[in-house]
Every structure is written in structure tokens, then in C-alpha cells.
Amino acid sequence: MRVILFCQNAYAFGILSPIRNILQQQNHSYLWYISDKLLNDFPFKEEPYTVSMLDLQCFESDAIFVPGNEVPHYLRGLKVQVFHGLAGEKKGHFRIRHYFDLYLTQGPYFTEKFNQLKNIHRDFEVIETGWPKLDVYSTEKSKYDVEKTSLLEQYNTDKIILYAPTFSPSLTSAPYLIKEIQDLAETTGYVVCIKFHDLMNPKWIKEYKKLAENIPNILYRTDKNIIKYLLQADILISDTSSVIYEFILLNKPVISFKNISDLNLWDNANNYNGLTDKVIKNLEQDPFAPERAYINEQFHPYQDGKSAQRMVAAVQNYIETKGVPEKRKLSLLRRLKINSKFGKPVQNIFKGKKTNKISAVMITYNEDIHINAVLENLKFVDEIVVVDSISTDGTIEKIKQLPNVKLILRPFVNYTDQKSFAMNQASHDWVLFLDADERVTDHLRNEILQTVNSDLPTADAYYFYRTFMFKDKILRFSGWQSDKNYRLFKKSKVHFTQERIVHETLVVDGKSDTLKHKLIHYSYKDYEDYKGKMIKYGQMKAQEELAKNYDPNIYHFVFRPIYKFLNHYILRLGILDGKKGIIICYLNALGVYARYNELRLLRNKKQN
């Protein structure tokens, strides 16, 4: 069986890893899918994984395990929802979105409700298996006991309190419990562990980290393994987080604040006062022990640690009986949502023999925020060459972690010099030359492979149009709609002209053409970063102007920047980009001013 483990958020790792263990034991093939934002935190990089939908299409899976609410309908395989929590009272938990063929439920409470929905919709199956994330409650229940004992001895206390609130801005207790948490730690001396969700508002992360810095027995935890802290804690403080149910299944008391559940079979408060007294009462008297027994029976009665095993068996039995779905039928609205979220499926996927190899080449300097993503993006080529200008931000260290990347350290003179050198390091004639802030889409990747390996005559160099990203939003106008550069070419047919040292020009001795699909350009991180780029480019351009003996005057300082702004903002429709357009057009004009200001300084220095 070929299986995709589909991760859109970091919490999916703990849910799917027990399933992965069973797949390994039974010699099934599997492939992790992780969203781009998870790349730096993915803990299983020695295993097969991808961030590409095209790779998932090519994998042709038999089943897809998804601890989330969406999965691309066009992927082959039985689409299986593995729930990402136990909080059935939350909005949307029992909503049918029609992306899934099979729902694997945690216990009788969930199974009954989904069977009711099954009888209405009649296009999916429901099987109760238990929840794989909780398998560790059986297999690793005592794993952290020694560490817990050491922690209690260190702080001379006998209890560990865990505070794990939801991140939802309208539901989280984090803004209201800072002083209560402080009082609890100072009054009782108990160890108080703070564990926030990945999506918690950074403001509250900062406040609680500051609290932990000032009070020794408050510990702010940043690692991803919340199971460890659930197992160690003697009591949980929360609000509406689904972690409440995970903790209750360990048969330990919970205190919540303004929980939205209709059940509330634990100590729930409607105001944010009296936390310390509540903790002491629940630890000493445990008044909600009978109610916990009901939750254990209805929400997750499985104590054998074999939920993941039951899930894999359920999927195998389903496929043996009904076969593997090629795709999922959805309404037009749902298909459009999936295409918007994950991209449209690639048509006419290249599956032929690779007759020509490709070298991906780039130059870098302090590209820490981009380097992992761009190198992951280039895994489809045959060779990756990076010429780095002695970065100081960790870029070099990240590159060195990847044995399949050829790294060369070389001082920077100018862009033309550095790119000419880098191109000459390529082992193969076909070169894909990218900047670190550019990404090849799945559609463009497929087009590149089809072009390079075509039986028909090809051009010697290809332009790529680029989609400019303003942070995470597309900038559709402001002059960028026609932006294109040479990015794919035969090394033997090109060279960089020496007349330009910035915005270098590739000279092609042969035929040029343009590929259909666009490159993604993540040039704008924030205002100061892009401003710095424009000023730097302007200053380097001044060196070209100096060689031409240009003498700047009021025309260059006033009219050229104004023209640049109006040309991009009015004539090239930057006005349609709203505030983004104003910012980009202004900064581009600032780059023109910086060029001539630097030119004036260079001329004065030369004359003196």
C-alpha cells in the first residue's frame, strides 16, 4: 500500500507518526507531505517527504491520512480524515465538507454523530478505531518519570502544573491569567509549565516568556512535544483547547476558563479569578473524578495503544472491498477552494526518460530565511551549485547540512562577476539560474522537465515571467506584470555582459523563447528590507553611471524619481494594487534617487 501522511500544521506530526510506525512495520511505502511553513520544523527529514503537490500526484497513493479539514480532491487515494482533536463541541467538528471517503473516529461519542451524518450524505464511511496520538499513553506512560522527579527535586516541590490554552483570539484565556499564573507559582511553589499553541498571538508569547524569566518555577516550553508535558503534569489549566480531553484521558484533573463545551465535566469557571484556590481544591479533593470516567468511556475507551494499527487495517480492508478512488467528486465551489489553497493539478505530467541533466545555480548572501525553502524547491534537478559571498546569518551552516548541494565560498565583487563564476561551476549544459527568493511552481517545474527532455528542437535560453509577492499577497501590477528574466539556458550558448554590474544581462548566442508558467518571486519581506535592496541596487548602478561619465543634475534628482513613480503607479497600473502599489512604486523611485545621490558622491570623491 502506498500512503501519504498529509500535514498542514505541526500538530499533525504527533498524530501521524504512530501510523507511520505501523506502515514501516508492515513494509508499506509512505510519503510525508508538509506545507511550506513546516519545512524548518519537520522532525523526520531523513524519511521521504515533500512540499510539492506534483510529487503527491506522481506518487499515486492508495490512501491519504489527513489530520485536518481539507485535502486535494484530485489526488489519487482513499481520503481518510484522522481527527486533530477531541473537542467535539468546537464549531466545525461535525461539519461534512465532502473531501473525505472515510472518517476514522476516536470513540462512541464521535462515532454516533458521524454515523448520523453518514445517513444524510451517503458518500462516506465511518469506522471507530481510537486516536493514534494517544497510543503513547500506553507505550510511553512512564517515559518521562525520571525527568519529572528530577524537576520536582530541583524546585523542592511535589506538583507540576501545565497551562496550555487555545490560541483562538476570541476564546483564549492567555490575556487574562498572567497575574493568576504568577500568584499560583509564588503562592504554592509548584512548577508551572507554559505550553502555547504554534498559532498563539506573539504578544502573549512575549508576555509569558517575560513572566518565566522573572519567576524561577515558571517554565516556558517551546518544543513541539506536548505529550511529554501532559504525561508529567498533575493538573491542567486551559480554556477551550482540545488538549483538555487528551489530559482527562490520563485520569487527571482539569481547570478551564469559559469553556464553550455543553458537557463541562470538569472544573470550569466563568470568570478569571481564584486560580490558586481552584488548583489546590482539585489536587486535594478531586471533585470531578466520576465525570472523567464518563469522558474516558465515550471519547476514547481504547487503552491498548493500538489505534494506529486499527486505522491502517481499516484502510486496507476498505481498499480491498471497494478499491482505490482515483479522485473525489466535489462541487464547483469546493474544487475552487482546493485549487486556491493547494494549487490546480498539473496536467500532462512529465513521466518520460530524462535525456538531459539540469544544474541549478544560485548566488547567496545572508539568505537564512529563504535558503531551506529554495533548496527544497530545487530537489527535482540533477545538481545544485551555491556560490555564497561569505554569509554571516547562518545561511552557510544550513547549506552544509545538505550533502547533495555543492557549496563554494567566494567574496562578492559585483553581480555580473559572481553570476559568471557561478554559472561556470555547473557540471551540466542546461542551467536553471535562480535567486534565493524565487520558487519554481509545480506547473513550471513540469514545463522545465518537458522542455529540457523534449525530442523536438529547443531554444537556447528561456525567459520566465515572475509573480511578485508582497509578503504573502500577489502584487498584480505596479510594473511587475511584465517582469521576466532569463532563468533556464544552455551554458554553452550564453554569457553575462561585463558592461553591467547590477541587473546583469545575459547574452544569448542562439534562439530565445519564453516558458508559459511563472516563477514566484518573494522579494518583499518587509518595508525596511525592500528599501535596503532598492538603495543597494541604486548605489551599485551608480558605479555603472560613473564609468559612463554621467554628471547628475536636478533632472536626475527630481524628475527621474518622479517619472519612475508615476510610470509605475499610473501608466503601469500600480494604483490598482492599493497601498501595496504606493509602497512599491515609492521605493522603486527611491532607488533611482539613491543611484544619482551615490553617483554624485562618487564623482566628488574622484575629483578630490
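Source: prediction; values computed, not measured. Residue numbers restart at each chain and count upward from 1, following the sequence in its written direction. Confidence filtering applies because this is a predicted model: local features only for residues at pLDDT of at least 70, side-chain atom pairs given and counted only at 80 or more, and all residues used for totals across whole chains, interfaces and linings. The side-chain quantities take in all heavy atoms of the structure and omit both hydrogens and water.

A. How the structure looks around the overall build of the protein. Every helix listed is a DSSP run of H or I at least four residues long, and every strand listed is a run of E at least two residues long, numbered separately from the N terminus. The secondary structure content of the protein amounts to 20 helices and 25 strands. Seen through its C-alpha atoms, the protein measures out along the principal axes to roughly 85 × 60 × 45 Å. Within the protein, buried positions represent 55% of all 608 residues. The contact criterion used throughout is that any non-hydrogen atoms of two residues lie within 4.5 Å. A separation threshold of at least 6 residues defines the contact pool for the protein, and within that pool the share at least 24 residues apart is 69%. Here, Shrake-Rupley sampling with a 1.4 Å probe gives the accessible areas, and only protein chains in the shown set may cover a residue. Total accessible area on the protein stands at roughly 28,400 Å², and carbon and sulfur atoms take up 49% of it. In this tally Asp and Glu are treated as negative and Lys and Arg as positive; neither His nor the chain ends contributes. Working definition for charges: the position is that of NZ of Lys, CZ of Arg, CG of Asp or CD of Glu. Within the protein, the 71 negative side-chain charges are centred at a point lying 6 Å from the centre of the 84 positive side-chain charges. In this scheme, a residue with accessible area under 20% of its type's maximum is buried, one over 50% is exposed, and one in between is partly exposed, where area comes from a 1.4 Å probe on protein chains only.

B. Broad picture of the environment of aspartate 577. Mapped onto the fold, aspartate 577 is located in the loop between helix H19 (554–571) and helix H20 (578–607). Separated by 178 residues in sequence, aspartate 577 and isoleucine 399 have C-alpha atoms that sit 36 Å apart. Excluding residues within four positions of it along the chain, aspartate 577 makes contact with Leu475, Arg476, Phe477 and Ser478. Looking at aspartate 577, its side chain comes within polar contact range of the main-chain nitrogen of phenylalanine 477, at 2.9 Å. The definition of a polar contact used here is a pair of N or O atoms within 3.5 Å, where within protein one atom must be able to donate a hydrogen and the other to accept one, and adjacent residues in sequence count solely through side-chain atom pairs.

C. Seen up close, the packing of helix H3 (residues 108–121) against helix H11 (residues 289–299). As a rule, the C-alpha atoms of each element are fitted with a line to give its axis, helices using only the stretch in contact, and angles between N-to-C directions run from 0 to 180 degrees. Following both chains from N to C, one finds H3 and H11 inclined at 50°, their axes separated by 5 Å at the closest point. Accordingly, the angle class assigned to the pair H3 and H11 is oblique. Here Pro108, Tyr109 and Phe110 of H3 lie close against H11, whose contacting residues are Glu297, Gln298 and Phe299. When residues are grouped by polarity, Ala, Val, Leu, Ile, Met, Phe, Trp, Tyr, Cys and Pro land in nonpolar, Asp, Glu, Lys and Arg in charged, and all others, Gly among them, in polar. Partitioning the contact of H3 with H11 into residue classes produces 4 nonpolar, 1 polar and 1 charged. For this classification, under 35 degrees means roughly parallel, over 145 means roughly antiparallel, 65 to 115 means roughly perpendicular, and everything else is oblique.

D. Representation of the packing of aromatic side chains within the structure. Stacked, edge-to-face and tilted are the three classes for Phe, Tyr and Trp ring pairs, Trp counted by its six-membered ring, which pair at centre distances within 6.5 Å; planes under 30 degrees apart are stacked, over 60 edge-to-face, the rest tilted. Taken as a whole, this structure holds 33 aromatic pairs when the rule is applied. Taking 4.8 Å as the distance between ring centres and 70° as the angle between the ring planes, the aromatic pair formed by tyrosine 103 and phenylalanine 124 counts as edge-to-face. On the criterion of sequence distance, the pair formed by tyrosine 103 in strand E6 (residues 102–105) and phenylalanine 124 in the loop between H3 and strand E7 (125–128) is long-range, its members being 21 residues apart. Pair check on accessibility: tyrosine 103 and phenylalanine 124 agree, each one buried. Aromatic side chains phenylalanine 257 and tyrosine 272 sit 5.8 Å apart centroid to centroid with 20° between the ring planes, which places their arrangement in the stacked category. Of this pair, phenylalanine 257 sits in strand E12 (residues 254–257) while tyrosine 272 sits in the loop between strand E13 (267–269) and helix H10 (275–284); the two residues are 15 residues apart in sequence, bridging distant segments of the chain. Comparing phenylalanine 257 with tyrosine 272 shows no difference in burial state: the two are buried. Through a chain of ring-to-ring contacts, three or more aromatic side chains come together here, namely Phe83, Phe94, Phe100, Tyr103, Tyr109, Phe110, Phe114, Phe124, Tyr245, Trp266 and Phe299. Here, a charge over a ring means that NZ of Lys or CZ of Arg falls within 6 Å of the ring centre while also lying within 35 degrees of the ring normal. Against the face of phenylalanine 94 rests lysine 113, its NZ or CZ located 5.6 Å from the ring centre.

E. Representation of the nonpolar core. By convention a nonpolar core is built from buried Ala, Val, Leu, Ile, Met, Phe, Trp, Tyr and Cys residues, the set being connected through side-chain atoms within 4.5 Å. Ile19 and Phe65 are the most contacted members of the largest nonpolar core, which totals 70 residues. If we ignore the near neighbours within four places in the chain, the residues touching isoleucine 19 are Leu5, Phe65, Val82, Pro132, Ala308, Met311 and Val312.

F. Expanded view of the sheet that holds strand E11 (residues 235–238). Paired strands, in this sense, are two strands between which DSSP finds at least two bridges. An order of E10-E9-E8-E11-E12-E13 is seen for the 6 strands of this open sheet, with the pairing classed as parallel. At either margin of the open sheet sits one strand with a lone partner, and together these are strand E10 (218–221) and E13. On average, each strand axis in the sheet is inclined to that of its neighbour by 20°, with strand direction left out of account. Note: strand E8 (residues 160–163) against strand E9 (residues 191–195), 4 bridges, orientation parallel. Residue pairing for E9: leucine 162 is matched across the bridge by cysteine 193. Contacts between helix H5 (residues 145–154) and the sheet are confined to E8, E9 and E10, with E8 contributing the most and set at about 105° to the helix. Where H10 meets the sheet, its contacts fall on E8, E11, E12 and E13, and the angle it forms with E12 comes to roughly 150°.

G. View of helix H7 (residues 202–214). In this analysis, the expected span of each helix is defined as 1.5 Å times one less than the number of residues it contains. A rise of 1.5 Å per residue sets the reference length of H7, with its 13 residues, at 18 Å; its end C-alpha atoms lie 19 Å apart and thus fit the reference within 8%. Regarding H7, the residues found buried are Trp204, Ile205, Tyr208, Leu211 and Ala212. Mapping the buried residues of H7 onto a view down its axis gives an arc of 125°, with all of them on the same face. In H7, the exposed residues that point more than 90 degrees away from the buried face are Pro202, Lys206, Lys210, Glu213 and Asn214. Where H7 is buried, its residues contact E8, helix H6 (178–188), E9 and E10. The residue sitting at the N-terminus of H7 and contributing the capping side-chain oxygen is asparagine 201; that oxygen lies 2.8 Å from the backbone nitrogen of lysine 203. The directions considered for the arc run from the helix axis to the C-beta atoms.

H. The arrangement of helix H14 (residues 368–377) in detail. The buried fraction of H14 is high, at 7 of 10 residues. Every buried residue of H14 is listed here: His370, Ile371, Asn372, Val374, Leu375, Glu376 and Asn377.

I. Quick look at the sheet that holds E6. Strand order in the open sheet made by the 7 strands is E3-E2-E1-E4-E5-E6-E7, with parallel pairing throughout. Either end of the sheet is taken by a strand with one partner, and the two such strands are strand E3 (49–50) and E7.

J. Region of interest: the pairing of strand E2 (residues 29–34). Burial runs high along E2: 5 of the 6 residues are buried. Pairing analysis gives 6 bridges linking strand E1 (residues 2–7) to E2, with the strands arranged parallel. Each residue of the ladder has a partner; that of isoleucine 4, found in E2, is leucine 31. Assessed by its sense of winding, the connection that carries the chain from E1 through helix H1 (residues 11–25) to E2 is right-handed. Orienting the strands away from the viewer, one traces the path from the first strand over the helix to the second; a clockwise path indicates a right-handed crossover.

K. The side chain of threonine 111, seen in detail. Note on placement: threonine 111 falls in helix H3. Using a relative accessible area of 12% as the deciding quantity, one classes threonine 111 as buried. Engagement of the side chain of threonine 111 in a polar contact is seen with the side chain of threonine 105, the distance being 2.6 Å. A polar contact is formed between the side chain of threonine 111 and the side chain of glutamate 128, at a distance of 2.5 Å. Those residues in contact with threonine 111, other than ones at most four positions away along the chain, are Thr105, Val126 and Glu128.

L. Structural context of the pattern of salt bridges. Between Lys or Arg on one side and Asp or Glu on the other, a salt bridge is scored when a side-chain nitrogen of the former is within 4 Å of a carboxyl oxygen of the latter. Across all of its chains, the model carries 27 salt bridges by this definition. With its nearest N and O atoms 2.8 Å apart, the salt bridge here joins glutamate 147 to lysine 228. Separated by 81 residues along the polypeptide, glutamate 147 in helix H5 and lysine 228 in helix H8 (residues 226–232) bring together distant segments of the chain. Take glutamate 147: its relative accessible area is 36%, and that puts it in the partly exposed class. Judged by its relative accessible area of 14%, lysine 228 falls in the buried class. The salt bridge partner of aspartate 304 is arginine 310, with a shortest N-O separation of 2.8 Å. A single network of salt bridges, built from pairs that share partners, joins Lys419, Asp435, Glu438, Arg466, Asp483 and Arg487.

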